[in-house]
Amino acid sequence: MFWFLAHRRACDAKKRERDERIQSLPPVYTSALSDGDKGILAQPVSEIVANVQAGSLSPSETLTAYSKMALRAHKETNCLTEVLIAQAEEWAQNCNTQGPLAGMPVSLKDTVGIAGYDSCIGYSAWVGKPMKQDAALVRLLRDAGAVPFVKTNVPITLLSFESTNDVFGTTTNPHNRRYAPGGSTGGDAALLAYGGSRLGMGTDVAGSVRCPAHYSGIYTIKASMHRFLKTGNATSMPGQEAVPAVYSPMTRTLEDLETFWRAVVSMRPWEYDHSCLPLQWREVDLTAGKPIRWGVMWDDGVVLPSPACRRALEEVVSSLEAHKHEVITIEPPSPYEGLKLASQLLLADGAKICVRPFQTGESNDPGVQQARLMFRMPRFVKQMYAWYLRHVRGDEIYAGLIESWYEKDVEEYLALISQREGYRERWHTFMRDEALDFVLTVPNAHPAVPHGGMREGFKSCGYTFLWNLLDYTAGVLPVTHVDRARDALAAFKPRNAIEAGAYRMYDADQMHGLPVGVQVVGKRLEEEKVLEGMK
């Protein structure tokens, strides 16, 4: 009872702190948007930066416009965690007005460490434990002239495509509040989609910037490991390096995404963070030389893309073919094998570490809760269930996953690392032999999940998780929206339990208007090339 009361007190205190920070702001932040505000919000990042550098726009004016919009977004979607606006006023007045991000407000995932502010990432036990110093990313952004002004919501454990926790509550999709904006960087996706920020920062270990981009209709490029700063931030799985987790930018437009990437790299991030490779921005011209060669992955063999997501992919393929690109259907090394490897490596500890900070009575994400149950199930029970799935239900896909989900010892873990390297080598050979510039696929088999949908959807993550395992660069951009007439599901027989669970949530009528994106994948450390491919 004591620990449950401690949990509730921490949650109530944190929500009250957030509300008080908003209520204590000057009245200008809750006033109507002025014509000047609207003009600022309409400008691309490059234009705002140029105007600040020229002295025709003040960082404080820019901060006011975006803070007004961010607070509106929060009221509609519950996307904010730490409200830094009062402190940001001082930062704006003293920012580097000649930097590559001069005067530009930036929103940050709750994981990002800012001195004096919590990074509780939804754990009530971490409330009231502010970070002692700025993360390397924050120091670079401020040196570049940027103004961090809000932090955004995440799912507890950071292992979900929803964004819900007891401390801050549930974040909703600005396109349809019955659906999630994505996760784990869902708060920033909702904020960006609403217009309350142009530049956001998230992390990705299985799709945590790409699924939010797909669900919410924004842009992102997941970096390869060691390209972007990551030191000094909070995490739910410290030391987990088998499937690289990477920080990556998210933006409202593709133009802003390029501006953000170029600005960060121009600041020589390797001088701020020991983990960054000393790799300057490389100019890529895809218009010169041979035609661009695209390999389309229509199906990962686990969950077939829904009609809406298939249509988005078909529209892009048709456009590429019309512009004389080479487009082929590929049969790559088994994506299902990649899903099995990645899930075992990410949760090699049996999903213990990510729930260690939980207090009595704390709610878990429904997907993580299911995963925990499977990992804790006795091995002989799992083997019997896998036998049933395989020989009675004819479901080799789910059986293969179930029997591999158990806590690994060191010898088993190292064997998985060896298998990962062999799998990466097969993909490297495949990409070389097929002479592919890019792989084109869906970011997820479905549009946004409804709230609570990760109970069924947590296993349906292969279209993003694969590229984390390979450490390939992958970008997502919006293409269309769900159409209740064009995207209705015809007669459909699921091939396995994972596909059946995912399709139980697909309803084109209820999902009408939700964004749908595609994913552009390059090889490792090809961020510049993927950006050009997205263009």
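The rules we used
Residues numbered from 1 in each chain as written. Predicted model: local features only at pLDDT ≥ 70, side-chain atom pairs only at ≥ 80, totals over all residues. Heavy atoms only, no water. Helix = DSSP H or I, 4+ residues; strand = E, 2+ residues; numbered from the N terminus. Rg over C-alpha atoms; globule rule 2.2 N^0.38 Å. Buried < 20%, exposed > 50% of the residue type's maximum accessible area, 1.4 Å probe, protein only. Contact = heavy atoms within 4.5 Å. Areas by Shrake-Rupley, 256 points an atom, 1.4 Å probe, with all protein chains shown as cover. Lys, Arg positive; Asp, Glu negative; His and termini not counted. Charge placed at Lys NZ, Arg CZ, Asp CG, Glu CD. Salt bridge = Lys/Arg side-chain N within 4 Å of Asp/Glu carboxyl O. Core = buried A, V, L, I, M, F, W, Y, C linked by side-chain atoms within 4.5 Å. 1 Å grid on protein atoms, 1.4 Å probe; cavity = no way out; pocket = protein on both sides within 12 Å on 5 of 7 lines; lining within 4 Å. Points joined across faces, edges and corners; volume = space filled by probe spheres on them. Expected span 1.5 Å × (residues − 1). Pairing = 2+ DSSP bridges. Axes fitted to C-alpha atoms, helices over the stretch in contact; angles between N-to-C directions. Parallel < 35°, antiparallel > 145°, perpendicular 65-115°, else oblique. Left-handed = near helix turned anticlockwise from the far one by under 90°. Nonpolar A, V, L, I, M, F, W, Y, C, P; charged D, E, K, R; others polar.

Student: Help me understand the overall build of the chain in this model?
Tutor: Counting secondary structure elements, the chain contains 20 helices and 13 strands. Over its C-alpha atoms the chain spans a radius of gyration of 22 Å, differing by no more than 12% from the 24 Å that the globule rule assigns to 535 residues. Considering the chain as a whole, with its 535 residues, one finds that 62% of them fall into the buried category. Intrachain contacts of the chain at a sequence separation of at least 6 include 81% that bridge at least 24 residues. When the accessible surface of the chain is split by element, carbon and sulfur atoms take 52% of a total near 20,200 Å². Side-chain charges of the chain comprise 58 positive and 62 negative groups, with the mean position of each set lying 4 Å from the other.

Student: Mind showing me how you'd approach the pattern of salt bridges here?
Tutor: Any two side chains of opposite charge can pair, so long as their charged atoms come close to each other. Here the structure, examined in full by the defined rule, presents 40 salt bridges. A salt bridge links Lys 14 to Asp 118; its shortest N-O distance comes to 2.9 Å. Linking Lys 14 in helix α1 (residues 2-23) with Asp 118 in the loop between β2 (105-109) and α6 (136-143), this pair joins segments that are 104 residues apart in sequence. Classification of Lys 14 by relative accessible area gives buried; the value is 3%. With a relative accessible area of 5%, Asp 118 lands in the buried category. Each member of the salt-bridge network shares a partner with another, and the members are Lys 14, Glu 17, Arg 21, Glu 82 and Asp 118.

Student: Help me understand the nonpolar core in this model?
Tutor: Soluble globular proteins tend to bury their nonpolar side chains together. Counting residues in each nonpolar core, the largest one holds 166 residues, and the members touching the most others are Leu 141, Trp 427 and Trp 467. Setting aside residues up to four positions removed in sequence, Trp 467 forms contacts with Arg 210, Lys 222, Met 297, Trp 427, Val 439, Thr 441, Tyr 472, Ala 474, Gln 519 and Val 521. Of all hydrophobic cores here, the second largest spans seven residues; its members include Ala 189, Ala 213, Ile 218 and Met 250.

Student: When you look at the layout of surface pockets in this model, what are you seeing that I'm missing?
Tutor: To find leftover empty space, a probe the size of one water molecule is rolled over the atoms. In this structure, the largest pocket encloses a volume near 480 Å³. Every residue lining the largest pocket is counted, 29 residues in all, and those nearest its centre are Lys 230, Thr 235, Met 237, Ala 245 and Tyr 247. Listed by contribution, the elements that provide at least two residues to the lining of the largest pocket are β6 (199-204) and β8 (246-251). The computed volume of the second largest pocket comes to approximately 410 Å³.

Student: Would you take a moment to explain helix α4 (residues 59-77) for this structure?
Tutor: Note on helix geometry: an α-helix contains 3.6 residues per turn, so any two residues three or four positions apart are oriented the same way. The end-to-end C-alpha distance of α4 is 26 Å, a good match for the 27 Å that 19 residues give at a rise of 1.5 Å each. When you tally the buried positions in α4, you get 14 out of 19 residues, the bulk of the element. Directly beyond the C-terminal end of α4, a positive phi value near 55° is found at Asn 78.

Student: Please explain the sheet that holds strand β3 (residues 147-152) as it appears in this structure.
Tutor: Hydrogen bonds along the backbone pair up the strands of a sheet, which may run parallel or antiparallel. What the eleven strands build is an open sheet, ordered β1-β3-β2-β6-β8-β7-β12-β13-β11-β9-β10; its pairing is mixed. Only two strands of the sheet have a single partner each, and these edge strands are β1 (80-83) and β10 (326-329). Neighbour-to-neighbour, the strand axes of the sheet open up by a mean angle of 30°, direction not taken into account. Examined bridge by bridge, strand β11 (residues 438-441) and strand β13 (residues 515-521) share three bridges and lie antiparallel to one another.

Student: Which parts of the structure should I look at to understand the packing of α4 against helix α7 (residues 186-194)?
Tutor: Helix-helix packing is described using two parameters, namely the angle between the two axes and the distance between the axes. Put simply, α4 and α7 touch, their axes get as near as 9 Å, and they point 120° apart. What the angle tells us is that α4 and α7 run oblique. Judged by the twist between their axes, the crossing of α4 over α7 is right-handed. Between α4, through Met 69, Ala 70, Arg 72, Ala 73, Glu 76 and Thr 77, and α7, the contact on the second element is made entirely by Ala 190, Leu 191 and Tyr 194. Grouping the amino acids of the contact of α4 with α7 by side-chain chemistry returns six nonpolar, one polar and two charged.

Student: Quick question: what am I supposed to make of unusual backbone geometry here?
Tutor: With the exception of glycine, the majority of residues adopt a negative phi angle, and the majority of peptide bonds are in the trans configuration. Across the junction of Gly 183 and Ser 184, the peptide omega takes the value 10°, indicating a cis bond. By the element assignment, Ser 184 lies in the loop between β5 (169-170) and α7. A positive phi angle, near 65°, is found at Leu 158, a position not held by glycine. Counting through the fold element by element, Leu 158 comes out in the loop between β3 and β4 (164-165). Residue Leu 158 is classed as buried on the basis of its relative accessible area, which comes to 9%. Residues other than glycine seldom take positive phi values, yet Leu 525 does so here, at roughly 60°. Along the chain, Leu 525 turns up in the loop between β13 and α20 (527-534).

By themselves these figures say nothing about function.
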